[in-house]
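A closer look at the structure
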Amino acid sequence: MKNQKEFLRAYEELSEECFKKWGYYYPPRTWNELITWDNNFFEKYLKDKENGVIKTKSYINLAAHINYFGFYDLFQNFEFEKLNNVLFQTSRQVLLDRGRLASGTDHCNVFFNVLLSFSCNDFKVIDHFFPKELPQSEGKFYTEVSVNLLKVLYYNQIQFKSEAIEKANKFLSKKNRVWDEYVVLYFKALIDQNAAEASIYLQELCKAYQKIQSKLTKCFAYEIHGLYRFAMIVNKELFKEIKQPTHNSYLYEFETWQKEQNYPIGKLFYKYPIEMDYINKVFEAELPKVELYKPYPNKKVVYKNVDKFIEDLTENTLKNL
């Protein structure tokens, strides 16, 4: 596999650096180290925690320990199905974590993380993190511009098409990061049903991806798989015409496997032991819908309601207990 050894080497170097600086290995290198981290966290913060919002937040934090380790374990004994599942669990944890954290912006701040969900065919996150009923965003950042275009495509919101494209063009008229610009151009190409341009932008995004990621995360551009796969659910005929990128960070074989398996949605690759079953129930719970609110009545600015999100997630989790 391309970049497999590079990822393993970068991961181990990161863990060694942590040991030299702090006296412990992190991220964990073995299942025993991971389990020790989880058990210590559980004993210190969760063992006697009563059901409620604080407990849900704390368990989401616990679940982050496995994110990088999941890929480290995967690349030592690689299977495509396991990759799909690691992507699912990792992307869910990250989205739940970001959904509960204030950002100073609206719901579009999770756009990059949602692309990871797309790479394991978890497209239903769109309905929860970018609900149809929420208004178009201002378009100040590439995330907002991209979500506006995404919603036009996904929900077939023809009435917002002109507005979304106008905001995109205004954004593109300014100087931007290469990644930001090509993501917006890719969504515009999907709206224009231009497979040739979409193919070019995916290729350029692989190059741009290397400049915005760390030594560890730049090895595999799963978010670009997510962008490519998004085209499939909004226009299957166009999707067939889009050429996949050729780049070391892009796994062409993964897309071949996806097609052969009829694009299965990922599932949890690791279930926590019975004493930590609450986090399993969090992952199994129905996703809340992100809502917006105006904390400052005299201002037009809207923010995502993070308190409502975590309250709803907790309520949905308790239904599974």
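Up top is the structure these notes are about.
Below you will find a few notes about this structure. Since we're looking at a predicted model, the values are computed, not measured.

What follows covers the overall build of the chain. In terms of helices and strands, the chain carries 16 helices and two strands. Taking the principal axes of its C-alpha atoms as reference, the chain extends roughly 55 × 50 × 40 Å. The 321 residues of the chain split such that 53% are buried. A fraction of 70% describes how many contacts in the chain between residues 6 or more apart in sequence connect residues 24 or more apart. For the chain, the distance from the average position of its 45 positive side-chain charges to the average position of its 42 negative side-chain charges is 4 Å.

Moving on, we get to helix α8 (residues 142-154). Relative to the 18 Å expected for 13 residues at 1.5 Å per residue, α8 spans 18 Å between its end C-alpha atoms, a close match to the ideal helical length. Of all 13 residues in α8, twelve are buried; the element is thus mostly enclosed. For α8, the set of buried residues is Tyr142, Thr143, Glu144, Val145, Ser146, Val147, Asn148, Leu149, Leu150, Lys151, Val152 and Leu153. Here the buried face of α8 lies against α6 (111-118), α7 (125-129), α9 (161-172), α10 (178-191) and α12 (222-234). Looking at the residues trailing α8, positive phi occurs at Asn156, about 55°.

This next bit is on the pattern of salt bridges. A full pass over the atoms with the stated rule returns 16 salt bridges. For Lys289, the salt bridge goes to Glu133, with nearest N and O atoms at 3.5 Å. With Lys289 in the loop between α15 (277-284) and β1 (292-293) and Glu133 in the loop between α7 and α8, the pair connects residues that are 156 residues apart, well separated along the chain. Glu133 gets classed as exposed once you look at its relative accessible area, which sits at 54%. Here Glu237 ties to Lys240 by a salt bridge, and the two come within 3.3 Å at their closest N and O atoms. Here Lys240 and Glu237 lie together in helix α13 (residues 236-241), a separation of three residues that amounts to about one turn. The exposed category is assigned to Glu237, whose relative accessible area is 51%.

Once that is clear, we can look at empty space enclosed by the protein. This structure, assessed with the given rule, holds one cavity of 30 Å³ or more. Taken as a whole, the largest cavity encloses approximately 50 Å³ of empty space. Forming the walls of the largest cavity are Gly99, His107, Val110, Phe129, Val290, Glu291, Lys304, Asn305, Val306 and Phe309. Its residues assigned to classes, the lining of the largest cavity comprises five nonpolar, three polar and two charged.

A few words now on the layout of surface pockets. The calculated volume of the largest pocket comes to roughly 450 Å³. Lining the largest pocket are 22 residues; nearest its centre among them are Tyr68, Phe71, Thr90, Leu116 and Thr217. Counting residues per element, the ones that place at least two in the lining of the largest pocket are α4 (66-74), α5 (80-99), α6 and α12. Broken down by class, the residue content of the lining of the largest pocket amounts to 15 nonpolar, six polar and one charged.

So, about the packing of aromatic side chains. Inspection of every chain in the model, using the stated rule, returns 36 aromatic pairs. Taken together, a centroid distance of 5.3 Å and an interplanar angle of 35° make the contact between Tyr59 and Tyr278 tilted. Here Tyr59 is found in helix α3 (residues 53-62), whereas its partner Tyr278 is found in helix α15, with 219 residues between them in sequence. Considered together, Tyr59 and Tyr278 belong to a single accessibility category, that of buried residues. Between the aromatic rings of Phe112 and Trp179, the centroid separation amounts to 5.8 Å while the plane-to-plane angle is 70°, which identifies the pairing as edge-to-face.

Before going further, it helps to spend a moment on the nonpolar core. Counting residues in hydrophobic clusters, the biggest one holds 101 residues, and the most contacted among them are Phe7, Trp179, Phe187, Leu190 and Ile242. It is α10 that provides the largest number of residues to this core, a total of nine residues. With residues up to four places along the chain from it excluded, the contact list for Phe7 reads Tyr68, Phe71, Tyr72, Phe75, Leu216, Cys219 and Phe220.

Moving on, we come to unusual backbone geometry. Note the cis peptide between Tyr26 and Pro27, where omega equals 5°. As for its position among the elements, Pro27 is in the loop between α1 (4-22) and α2 (31-46). With phi around 65°, Asn262 is a residue other than glycine that occupies positive phi space. Positionally, Asn262 belongs in the loop between α14 (252-260) and α15.

In this section: the environment of Tyr272. With respect to the helices and strands, Tyr272 occurs in the loop between α14 and α15. The class of Tyr272 is buried, set by a relative accessible area of 5%. Measuring from C-alpha to C-alpha, the distance between Tyr272 and Phe42 comes to 12 Å, with 230 residues separating the pair along the chain.

Cut-offs used in this document
- Just so you know, the residues in each chain are numbered from 1, in the order the chain's sequence is written.
- In keeping with the predicted nature of the model, local features appear solely for residues at pLDDT of at least 70, side-chain atom pairs appear and are counted solely at 80 or more, and the whole-chain, interface and lining totals rest on all residues.
- With hydrogens and water set aside, each side-chain value is computed from the structure's full complement of heavy atoms.
- Secondary structure elements follow DSSP: runs of H or I of four or more residues count as helices, runs of E of two or more count as strands, with numbering from the N terminus.
- Summary of the burial criterion: residues with accessible area below 20% of their type's maximum are buried, those above 50% are exposed, and those between are partly exposed, where the area comes from a 1.4 Å probe applied to protein chains only.
- Two residues form a contact once any of their heavy atoms are found within 4.5 Å.
- Counted as positive: Lys and Arg. Counted as negative: Asp and Glu. His and the chain ends are not counted at all.
- For charged residues, the charge sits on one atom: NZ in Lys, CZ in Arg, CG in Asp, CD in Glu.
- Under the convention used throughout, the expected extent of a helix is 1.5 Å for every residue step, that is, one less than its residue count.
- Salt bridges, as used here, are contacts in which a Lys or Arg side-chain nitrogen is within 4 Å of a carboxyl oxygen on Asp or Glu.
- Cavity and pocket criteria rest on a 1 Å grid covering protein atoms alone: a 1.4 Å probe that fits but cannot get out defines a cavity, protein on both sides within 12 Å along at least 5 of 7 lines defines an open pocket, and an atom within 4 Å of a point defines a lining residue.
- Grid points are joined across faces, edges and corners, and a volume is the space filled by probe spheres set on the points.
- Note on residue categories: nonpolar means Ala, Val, Leu, Ile, Met, Phe, Trp, Tyr, Cys or Pro, charged means Asp, Glu, Lys or Arg, and polar means any other residue, Gly included.
- Pairing of aromatic rings covers Phe, Tyr and the six-membered ring of Trp, with a centre-to-centre limit of 6.5 Å; geometry is then stacked below 30 degrees between planes, edge-to-face above 60, and tilted otherwise.
- Nonpolar cores are built from buried Ala, Val, Leu, Ile, Met, Phe, Trp, Tyr and Cys residues. Side-chain atoms within 4.5 Å join them into one set.

It is worth stressing that arrangement in space is one thing and function is another; only the former is reported here.
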